[in-house]
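A closer look at the structure
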Amino acid sequence: MKNKKLFKRSMTAVMLIMVVTLVVVLSGCGSVPQASNSAIPAPELNQVNIIARTYMGPNQEPRDGDGKPPTDVYYIDPAHFEDLLNEIKAGGEYTQTDTWKYTRDWETGRTFARCGIRPDNSMEVELCNENNSTIGYRFINNDASGAAGSKLMESIRKFLAPQMQIWDNNEPVLVYFLNPAEFDACKAEMDNLSPYELDDTWNEIRNWMQGLEFARIAIRSDGRIELTYGKEENTTTNYRYANPVEGLVHGLGGNATVEGNTVLLSGNAELSRPLTVFADVTLVVPAGITLDLTAEGESLFLRNGATLTVNGTVNAKAESIKIESAAVSPASINGSGTINLTSKGHLLNIWSGDGIKRKLTLDGVTFVGLVDNSEVLVFVNEGSEFVMKSGAITGNTNTRSGGGGVSVWQGMFTMEGGEIRENNAEFGGGGVSMGGLSTFTMSGGAIWGNSSLSSADGGGGAFFGSTDCTFIMKGGVIYGNTSARVCGGVMFGGSSDRNNGTFIMEGGRIQGSTASDGYTANTDIWDSDEDALLTAGFPVSATAKWGTGGTYTKGGVLQTGGSGIIPPDRYGTVDTLIAIPAP
């Protein structure tokens, strides 16, 4: 213990953490180091310790001669290195043959002890200190049968310790090697381990472990746990587990405090690695605080029921906020602050292409785009859903395609309040662009100040242009939008490949928009044949009539219904307007 105290006093801050972590895990009842300013409870690593020891086996390292034959390596508590050495010498089964010293460049700043049993049953016992120097002892087995002695194995297991590896941004990692045959049983226990949750799964190739089969648990300094199974064909399957709040605090640089499942930033922070906000966990960015998500490869994942509360500022590169919440338990972004897009692309791309219908609720936060972007700011697609209760989607110019603020493709957008304002698109839908079986339901809020820039298309406020889209307007207002060609307000339907859409107007207002070429400013249909422009209003079937539930302006005159009928155009467009009378 005296040597250990001297050693700990000589360590740097990082190495102090490593030693404390090693001692705690060995004791089986402690925790990994906590980030500064953290009020989180100690993670239950004693459970991990118990699981690891239950299924523990040797590490296999191809370091014998030409690097091909495997070597079974057991890591030992350095404080008991002399005890193990003495037991080996006194056991009578092994005889010491030589001693050597050398330097390991890749072991800088580490202290560890281990014994390696080679295929011929010779054995090496090594102790490496923090000065990067190693002393090793080689023994041969006197047993003619070649079997490893039972007394040796009893001694090894008596002094076992996890391996310590610097793999995590120069932070310590404790590794327990497991018996591969019991990997499934170990994983089953990990899946039920509280308070940890499965974070992600991935496969990779490891060139250095060719021909090896191994399993291991790695405990990282932020409390994350990785369970790995490696196969002989050089592939590994990895499962990462995380404490819902511990990982957040650590990844935020320790600038956070915790109350229950709420993590509150206490200072400006930049992500040091990808972070996940798990179910029922809230990450709060207070007023006056900035969270930076602009580093390459760093993202914030919002899982089922997760909440990101932004009262300050979040600066985010394209698609660095990942929505992974299912429709049954949507994630939420709320607050009174701002999320700024810092690189070209979508701020949010809510995608359900993996078969899970994603859903997000926005309440109060303002999304701000770029004046020279090449994508729409918010993209909702493949069965996903976006619910806008309040807040704003603004300041984005899409110079490449349709949709400046919002684009919905085979998805759903529900607008209960808030604003989609001051966005621009090169083609139709400066505010909103819809396509592919999408549904837009508007019961409140405003779509205003948006523009369609190109003379080739229309729909400054909204453009509903593809097959079987439905726009249900129950309330709210669409006003003050502009188009470089036709229909400054809402453009519905269009050429022969944009048909069978439905507009149901139960309430709300469409007014005060302009179109540069003098055609209907607020509502229109544009046929692909320029001389077939229809300017009397929304396209309707030969039997449909305007109702009185909503109001719109046409030629500067307020309309509350009427009997104007526009027959299908020459290409067979059968878009339908159903304006339901008010009760």
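The rules behind these values
- Residues numbered from 1 in each chain as written.
- Predicted model: local features only at pLDDT ≥ 70, side-chain atom pairs only at ≥ 80, totals over all residues.
- Heavy atoms only, no water.
- Helix = DSSP H or I, 4+ residues; strand = E, 2+ residues; numbered from the N terminus.
- Buried < 20%, exposed > 50% of the residue type's maximum accessible area, 1.4 Å probe, protein only.
- Contact = heavy atoms within 4.5 Å.
- Areas by Shrake-Rupley, 256 points an atom, 1.4 Å probe, with all protein chains shown as cover.
- Phe/Tyr/Trp six-rings, centres within 6.5 Å; stacked < 30°, edge-to-face > 60°.
- Lys NZ or Arg CZ within 6 Å of the ring centre and 35° of its normal.
- Pairing = 2+ DSSP bridges.
- Axes fitted to C-alpha atoms, helices over the stretch in contact; angles between N-to-C directions.
- Core = buried A, V, L, I, M, F, W, Y, C linked by side-chain atoms within 4.5 Å.
- Arc of directions from axis to C-beta.
- Salt bridge = Lys/Arg side-chain N within 4 Å of Asp/Glu carboxyl O.
- Polar contact = N/O pair within 3.5 Å; in protein donor to acceptor, adjacent residues only side chain to side chain.

A word on the overall build of the protein. Tallying secondary structure elements over the protein gives seven helices and 49 strands in all. The buried share of the protein, reckoned over its 583 residues, is 54%. A separation threshold of at least 6 residues defines the contact pool for the protein, and within that pool the share at least 24 residues apart is 73%. Summed over all atoms, the accessible surface of the protein reaches about 23,100 Å², with 50% contributed by carbon and sulfur.

With that settled, the discussion passes to the packing of aromatic side chains. All told, the structure shown has eight aromatic pairs when counted by the stated rule. For the pair F183 and Y239, a centre-to-centre distance of 6.2 Å together with 35° between the ring planes defines the contact as tilted. In this pair, F183 is assigned in helix α6 (residues 183–191) and Y239 in strand β12 (residues 235–242), connecting sequence segments 56 residues apart. Judged by relative accessible area, F183 falls into the buried class, the value being 5%. Overall, Y239 belongs to the buried group, its relative accessible area being 17%. When the ring of F413 is compared with that of F440, the centres are 5.2 Å apart and the planes differ by 0°; the resulting orientation is stacked. With F413 in strand β31 (residues 412–415) and F440 in strand β35 (residues 439–442), the pair connects residues that are 27 residues apart, well separated along the chain. Each member of the pair, F413 as well as F440, carries the same accessibility label: buried. Three or more aromatic residues joined by ring pairs form one cluster here, namely F386, F413, F440 and F471. One cation-aromatic arrangement involves R138 over W100; the distance from NZ or CZ to the ring centre is 4.7 Å.

Attention shifts here to the sheet that holds strand β19 (residues 300–302). Sheets are built from strands that pair by backbone hydrogen bonding, the pairs being arranged parallel or antiparallel. If you walk across this open sheet you meet the three strands as β16-β19-β22, and the pairing is parallel. Looking along the sheet, the strands with just one partner apiece sit at the ends: β16 (275–277) and β22 (321–323). Taken pair by pair, the neighbouring strands of this sheet meet at an average axis angle of 25°, ignoring direction. Relative to β22, β19 is paired through three bridges, and the arrangement is parallel. By the bridge assignment for β22, L302 is matched with I323.

Within soluble globular proteins, side chains that are nonpolar generally end up buried alongside one another. In terms of nonpolar packing, the biggest core is built from 66 residues, with I339, L348, F367, F386 and F413 touching the most fellow members. Among the elements that make up this core, the one with the highest residue count is strand β26 (residues 359–368) (four residues). Dropping the residues within four chain positions of it, F386 is found in contact with L348, I350, L360, L362, F367, V378, V380, M412, F413 and T414. In this structure, I51, Y94, F159 and L227 belong to the second largest nonpolar core, which totals 39 residues.

Okay, helix α4 (residues 81–91) next. Along α4, the positions that sit buried rather than exposed are F81, L84, L85 and I88. In an axial view of α4, the angular spread of the buried residues amounts to 100°, which keeps them on one side of the axis. Note on α4: the residue one or two positions beyond its end, G92, has a positive phi of about 85°.

Our next topic: the side chain of S122. Within the secondary structure, S122 is located in the loop between β4 (112–117) and β5 (123–128). On the accessibility criterion, S122 (11% relative accessible area) is buried.

For the rest of this paragraph, the subject is unusual backbone geometry. Across the junction of S194 and P195, the peptide omega takes the value 5°, indicating a cis bond. When you line up the elements, P195 lands in the loop between α6 and β9 (197–205). Of note, N132 is a non-glycine position whose phi angle comes to about 80°, a positive value. Following the sequence through the fold, N132 ends up in the loop between β5 and β6 (133–141). What makes N132 buried here is its relative accessible area of 9%.

Taken together, the buried positions of α6 are occupied by F183, C186, K187 and M190. In an axial view of α6, the angular spread of the buried residues amounts to 100°, which keeps them on one side of the axis.

The final tally for this structure, using the stated rule, is 17 salt bridges. Taking the shortest distance from any N to any O, the salt bridge between K158 and E87 comes out at 3.1 Å. Of this pair, K158 sits in helix α5 (residues 150–158) while E87 sits in helix α4; the two residues are 71 residues apart in sequence, bridging distant segments of the chain. Judged by its relative accessible area of 53%, K158 falls in the exposed class. For E87, a relative accessible area of 29% corresponds to the partly exposed category. Its salt-bridge partner being R240, residue D200 comes within 2.9 Å of it at the nearest N-O pair. One end of the pair, D200, is in strand β9; the other, R240, is in strand β12, and 40 residues separate them in sequence. Shared partners join several salt bridges into a network, and the residues in it are D98, R118, E124 and R138.

Moving on, we get to the environment of Y176. Relative to the elements of secondary structure, Y176 occurs in strand β8 (residues 171–178). What makes Y176 buried here is its relative accessible area of 0%. Linking Y176 and R216, residues 40 residues apart in sequence, is a C-alpha distance of 5.4 Å. Only 2.7 Å separates the side chain of Y176 from the side chain of N49, close enough to count as a polar contact.

Coordinates in, geometry out; function isn't part of it.
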